[in-house]
Amino acid sequence: MPLYEGLGSGGEKTAVVIDLGEAFTKCGFAGETGPRCIIPSEIKKPDVAKPVKVVQYNINTEELYSYLKEFIHMLYFRHLLVNPRDRRVVIIESVLCPSHFRDTLTKVLFKHFEVPSVLFAPSHLMSLLTLGINSAMVLDCGYAESLVLPIYEGIPILSCWGSLPLGGKAIHKELEYQLLEQCTVDTGLAKGQSLPSVMGSVPEDIVEDIKVRTCFVSDLQRGLKIQAAKFNIDGSAERPSPPPDVDYPLDGEKILHVVGPIRDSVVEILFEQDNEETSVATLILDSLIQCPIDTRKQLAENLVVIGGTAMLPGFLHRLMAEIRYLVEKPKYKEALATKTFRIHTPPAKPNCVAWLGGAIFGALQDILGSRSVSKEYYSQTGRIPDWCCLNNPPLEVMFDVGKAPPPLMKRAFSTEK
Amino acid sequence: MASLLQSERVLYLVRGEKEMRAPLSQLYFCRYCSELRSLECVSHEVDSHYCPSCLENMPSAEAKLKKNRCANCFDCPCCMHTLSTRATSIPAPLPDDPAKTTMKKAYYLACGFCRWTSRDVGMADKSVASGGWQEPENPHTQRINKLVEYYQQLAQKEKIERDRKKLVRRRNYMPLAFSDKYGLGTRLQRQRPGAPISALAGLSLKEGEDQKEIKIEPADAVEEVEPLPEDYYTRPINLTEVTTLRQRLLQPDFQPICASQLYPRHKHLLIKRSLRCRRCEHNLSKPEFNPTSIKFKIQLVAVNYIPEVRIMSIPNLRYMKESQVLLTLTNPVENITHVTLLECEEGDPDNINSTAKVAVPPKELILAGKDAAAEYDELAEPQDFQDDPDVIAFRKANKVGVFIKVTPQKEEGEVTVSFKMKHEFKNLTGLIRPSEEGDHTSGVVWLTHHVELSLGPVLP
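Numbers given for residues are sequential positions, taken from 1 along each chain in its written order. All chains are assigned letters beginning with A, and all ligands numbers beginning with 1, in the order in which they are written. pLDDT decides what is reported in this predicted model: residues at 70 or higher carry local features, side-chain atom pairs at 80 or more are listed and counted, and totals for whole chains, interfaces and linings draw on all residues regardless. The side-chain quantities take in all heavy atoms of the structure and omit both hydrogens and water.

Peer 1: Summarise the overall build of chain B; cite the residues concerned and give the values.
Peer 2: Secondary structure elements are taken from DSSP: a helix is a run of H or I of four residues or more, a strand is a run of E of two residues or more, and numbering for both begins at the N terminus. Helix and strand counts for chain B come out as 3 helices and 22 strands. For the exposure calls, accessible area comes from a 1.4 Å probe over protein chains only, and a residue counts as buried if that area is under 20% of its type's maximum, exposed if over 50%, partly exposed in between. Counting the 460 residues in chain B, one finds 37% classified as buried. Long-range pairs, those at least 24 residues apart, make up 67% of the contacts in chain B with a sequence separation of at least 6. Of the roughly 27,500 Å² of accessible surface on chain B, a fraction of 52% belongs to carbon and sulfur atoms. What makes two residues a contact is simply this: any of their non-hydrogen atoms within 4.5 Å. Methods summary: accessible areas were calculated by the Shrake-Rupley approach with a probe of 1.4 Å, and residue burial reflects only the protein chains presented.

Shown next as structure tokens:
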């Protein structure tokens, strides 16, 4: 049992840490070694059959407000089993989170649940807390996108961010397309029927399950051969021998035959370089080039990869191999002098690392209060500080200029009492 | 006929932060504010924890210690059903005489739904029925604890500095000679050129302070990551051996890939919720402590205080033709209640949904009190209220049937009417001190509710 568990020295209760991802939400208490629950970020409405995704950026405020309210209600009263009013909240967010979503989330937390304070913590920065280091190049491979952000001496180098829509969602789309095109289904009545004739589209949770259980990432040599075979029109390049087929039961009657080649070729979309010659591996190198020259060596030797998509078998090995392969290409050879790349292994699974960082930070009760946005501040100003909003109240309101240095980029603003 | 009892057809308006319409059965009534409340405008609180399978109450301190999990019950890691403990007898040698064997009881966990057993993951059978099963521990716990200690130390430093700065700021007028009293002064805290930028917002050690510091080894980065084994590409997979995503996510600390590493977890607890009015902070609903009891200590539900309107019969509704609809009004309290139905005025902001005109009886209706013993008391004289037969269809105990005239204004679609219902409410919450003149009318409040009825489609 950790020493700091339970009521702290001041009697303050442990904070609640929530990582709202587009696919899954990790939530739990500060100071613990893992989240209490990892649940899909969706709610079930009584009249609609399919669950509704909570993290949507394009719906109007009222709908988003009601979805978030219901979802957070479920988090508190089904999984965390505590009163919202008693505990501070730490929200792990991506730096690219739209302001509208952030504002609505804050409104739900303060107005409906009446939490005492909220801290928005950037996921890339928090993952460094799990390692005890100050500088790293952090790559978050999530559902909607892969986002890279270098952090040097505890400050995110915001101008060197990079992102690509290559994540779980892209893999699902490609996998569904391949399944519908190539696979057959044995139903109770007939064998070998093509999949589109049995079902028009495959539900996403089945596609996700197929991806998680059967797909993997091949190593560099094999992967390059697969890509060559795919893009080669005259068929001269030969594909390496595919892995064995898998019989996937869809329900009691139907069995889907997942053909072998799908299993290793679907994930290649993360590493195929399209017309812009970008892939998940080039994200890191491109970001490295943009970084100040004296930081590059340290950043290259401290790579951190987080996110659920990074848990695919063979992903990390392939990523490192790709980086080393690409760094020899003419595009990067001249620009980057550093050739050594090292990667960290955080003390948690990649999908929980950002959460764990937030939990470590949330356990620091001495400063958590001063760095969070309190309920009083929110009720006075009606907004939360955002790194990208220029119409925030000027810093003089929050800090006495001249006495203490104003906070540097992307840091949770504190309220001076 | 049963469809007319659908409570969704009669909606009451709740004036909270956001106006909403809900059937009376889903609403609460705050006696102190004398207003209707819905689930959205009350604050929910956790009241008590209990296990859903053994129905055992757990005090909140213990629940926090056990991470909201029951001590006795387990969940199947495959299908999340509750595991049951089964006993077998195995021969075991007697401690005194190794030659003889006696039957000893051995217990194992088994799932009745998917036939998973604890032997599948290699858990040895235990000799005690309960309390012998342990959950595996997270191997990274030590490292994480050390990290938290290290950062707490830095956080403490920052807090001390912050407090010191406040103190220094206030005493700016003090002469410089005293600056040493408050620590190192401002010189050393300024950033020296060449030194690493102190950031992570101050969470890094400053030089020259505090000799007794907890050092931590920063994590080591590795050059090589382990590749997939060679036979991975050719090995056929058995889907029953591979865990699904859902099974993995039930165990966030381990997330095992092989089904042979899926250990069972203790069952998650459920809670009983209590509701509180946001304005006056009084409890609206407080359940009983005992998990097996469904009663409430405090139950301020609206059906116990507000007369309920129900639709009894609807004739054929035709466009622009006046028809009579029969409603029933039920009195929930024990005293006689006077109810007046009023039409909505022109330009009423609440009246947005009505598609028909309604004519309500103009006179005040009297509802008899709810008398629980009335059905057993045969000798009691039925009270004579002198009802107007045009207005009142029937009267039975605390229920009265009322005619209203509805004229649909739209040719097609649903007919919706709304009206206001005014009734008296005896507020017993403040009547503690005895009144000197026998003034019994104190505490009577007249409440008006906006009611909407949906009467079905217009027939051609």
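Now that the structure is up, let's keep going.
Peer 1: Which residues make up the side chain of B:Ser274, and what values do they have?
Peer 2: Structurally, the position occupied by B:Ser274 is in strand E11 (residues 270–277). Aside from chain neighbours lying at most four places away, what touches B:Ser274 is B:Ser43, B:His44, B:Glu45, B:Asp47, B:Asn283, B:Ser285, B:Lys286 and B:Pro287.

Peer 1: Lay out empty space enclosed by the protein with the relevant residues and their values.
Peer 2: If you roll a probe as big as a water molecule over the atoms, it shows you where there is empty space left. Here a cavity is any set of points on a 1 Å grid over the protein atoms alone where a 1.4 Å probe fits but cannot get out, and a pocket is any open set with protein on both sides within 12 Å along at least 5 of 7 lines; a residue lines the site when it has an atom within 4 Å of a point. Grid points are joined across faces, edges and corners, and a volume is the space filled by probe spheres set on the points. Going through the model one piece at a time under the given rule, you end up with 2 cavities of 30 Å³ or more. Around the second largest cavity sit A:His73, A:Phe77, A:Pro84, A:Arg85, A:His112, A:Phe113, A:Glu114, B:Val42, B:Ser43, B:His44, B:Glu45 and B:Arg278, which together line it. Of all the elements in the fold, those that place two or more residues in the lining of the second largest cavity are helix H1 (61–80) of chain A together with strand E5 (42–50) of chain B. Residues are grouped as follows: nonpolar covers Ala, Val, Leu, Ile, Met, Phe, Trp, Tyr, Cys and Pro; charged covers Asp, Glu, Lys and Arg; every other residue, Gly included, is treated as polar. For the lining of the second largest cavity, the per-class residue count stands at 4 nonpolar, 4 polar and 4 charged.

Peer 1: Let's hear about the packing of helix H4 (residues 168–182) of chain A against helix H6 (residues 204–214) of chain A: which residues, and what values?
Peer 2: Residue and element names in this part refer to chain A. The contact between H4 and H6 brings their axes to 9 Å, and the two run at 95°. Compared by their axis directions, H4 and H6 come out roughly perpendicular. For the pair H4 and H6, contact is made by Gly168, Ile171, His172, Leu175, Glu176 and Leu179 and by Glu204, Val207, Glu208, Ile210 and Lys211, respectively. The residue makeup of the contact of H4 with H6, split by class, is 5 nonpolar, 2 polar and 4 charged. Note on method: axes are straight lines fitted to C-alpha atoms, helices fitted across the in-contact stretch only, with angles between N-to-C directions ranging 0 to 180 degrees. Oblique is the label for every angle not falling under 35 degrees (roughly parallel), over 145 degrees (roughly antiparallel), or within 65 to 115 degrees (roughly perpendicular).

Peer 1: Give me the lowdown on the interface of chain A and chain B, citing residues and values where you can.
Peer 2: At the interface, 89 residues of chain A touch 73 residues of chain B. Salt bridges are defined by distance alone: a side-chain nitrogen of Lys or Arg within 4 Å of a carboxyl oxygen of Asp or Glu. Our count for the contact surface shared by chain A and chain B stands at 8 salt bridges. For the salt bridge of B:Glu281 with A:Arg85, the shortest nitrogen-to-oxygen distance reads 3.6 Å. Each polar contact in these results corresponds to two N or O atoms within 3.5 Å; when the atoms are within protein, one needs to be able to donate a hydrogen and the other to accept it, and residues that are neighboring in sequence are counted only if both atoms are side-chain atoms. Linking chain A with chain B are 22 residue pairs in polar contact (both at pLDDT 80 or more). Those elements that place two or more of their residues in the side of chain A that touches chain B are H1, helix H2 (99–112), helix H3 (123–129), H6, strand E14 (246–249), helix H11 (315–326), helix H13 (353–362) and helix H14 (365–371) of chain A. It is H1(A) that contributes the most residues to the side of chain A that touches chain B, 6 residues altogether.

Peer 1: Can you explain the pairing of strand E6 (residues 89–93) of chain A? Please cite residues and give values.
Peer 2: Residue and element names in this part refer to chain A. With 5 of 5 residues buried, E6 is to be regarded as a mostly interior element. What you see with E6 is no split at all: Val89, Ile91 and Glu93 on one side and Val90 and Ile92 on the other are buried throughout. Where strand E1 (residues 16–20) meets E6, 4 bridges bridge the pair, whose relative direction is parallel. Bridging across to E6, valine 16 finds its partner in valine 89. As judged from the 5 bridges shared by E6 and strand E7 (residues 117–122), these two strands associate in the parallel manner. Across the sheet, glutamate 93 pairs through a bridge with proline 122, a residue of E7. Strand pairing is defined by DSSP finding a minimum of two bridges between the two strands.

Peer 1: Explain the nonpolar core to me, using residue names and the numbers behind them.
Peer 2: Residue types Ala, Val, Leu, Ile, Met, Phe, Trp, Tyr and Cys, when buried and joined through side-chain atoms within 4.5 Å, form a set referred to as a nonpolar core. Residues A:Leu139, A:Leu179, A:Leu256, A:Phe315, A:Leu319 and A:Phe341 are the most contacted members of the largest nonpolar core, which totals 58 residues. If you tally residues by element for this core, the top one is helix H9 (residues 280–290) of chain A, at 6 residues. Not counting chain neighbours up to four residues away, the residues in contact with A:Phe341 comprise A:Leu285, A:Leu288, A:Ala300, A:Leu303, A:Met320, A:Ile323, A:Arg324, A:Val327, B:Val222 and B:Glu223. Core analysis: the second largest hydrophobic core is formed by 49 residues, B:Val10, B:Leu24, B:Ala302 and B:Val360 among them.

Peer 1: Residue-level account of the packing of aromatic side chains, with values.
Peer 2: Each pair of aromatic rings taken from Phe, Tyr and Trp, with Trp reduced to its six-membered ring, is defined by centres within 6.5 Å and is described as stacked if the planes are under 30 degrees apart, edge-to-face if over 60, and tilted in the remaining cases. Counted according to the given criterion, the structure contains 10 aromatic pairs over all chains. Here B:Tyr305 and B:Phe425 contribute two aromatic rings whose centre-to-centre distance is 6.1 Å and whose plane-to-plane angle is 85°, an arrangement assigned as edge-to-face. Of this pair, B:Tyr305 sits in the loop between strand E13 (296–299) and strand E14 (308–313) while B:Phe425 is found in strand E21 (residues 414–426), placing the two residues 120 residues apart along the sequence. Grouped by ring-pair contacts, the aromatic residues A:Phe216, B:Tyr232 and B:Tyr233 constitute a single cluster. Its guanidinium or amino end placed over the ring of A:Phe271, A:Arg318 lies 4.6 Å from that ring's centre, counting from NZ or CZ. Cation placement over rings: the criterion is NZ of Lys or CZ of Arg within 6 Å of the ring centroid and within 35° of the ring normal. Sitting above the plane of the B:Trp446 ring, B:Lys422 keeps its charged end 5.6 Å from the centroid.

Peer 1: An account of the sheet that holds strand E2 (residues 19–22) of chain B is needed here, citing residue identities and associated values.
Peer 2: Residue and element names in this part refer to chain B. Here 6 strands make up an open sheet; going across it, the order is E2-E1-E22-E21-E16-E18 and the pairing antiparallel. Bordering the open sheet on either side are E2 and strand E18 (365–367), each of which pairs with just one other strand. Looking at each pair of strands side by side, their axes are set apart by 30° on average, direction ignored. Pairing geometry for E21 and strand E22 (residues 444–457), over 12 bridges, is antiparallel. By the bridge assignment, lysine 422 is partnered in E22 with threonine 448.

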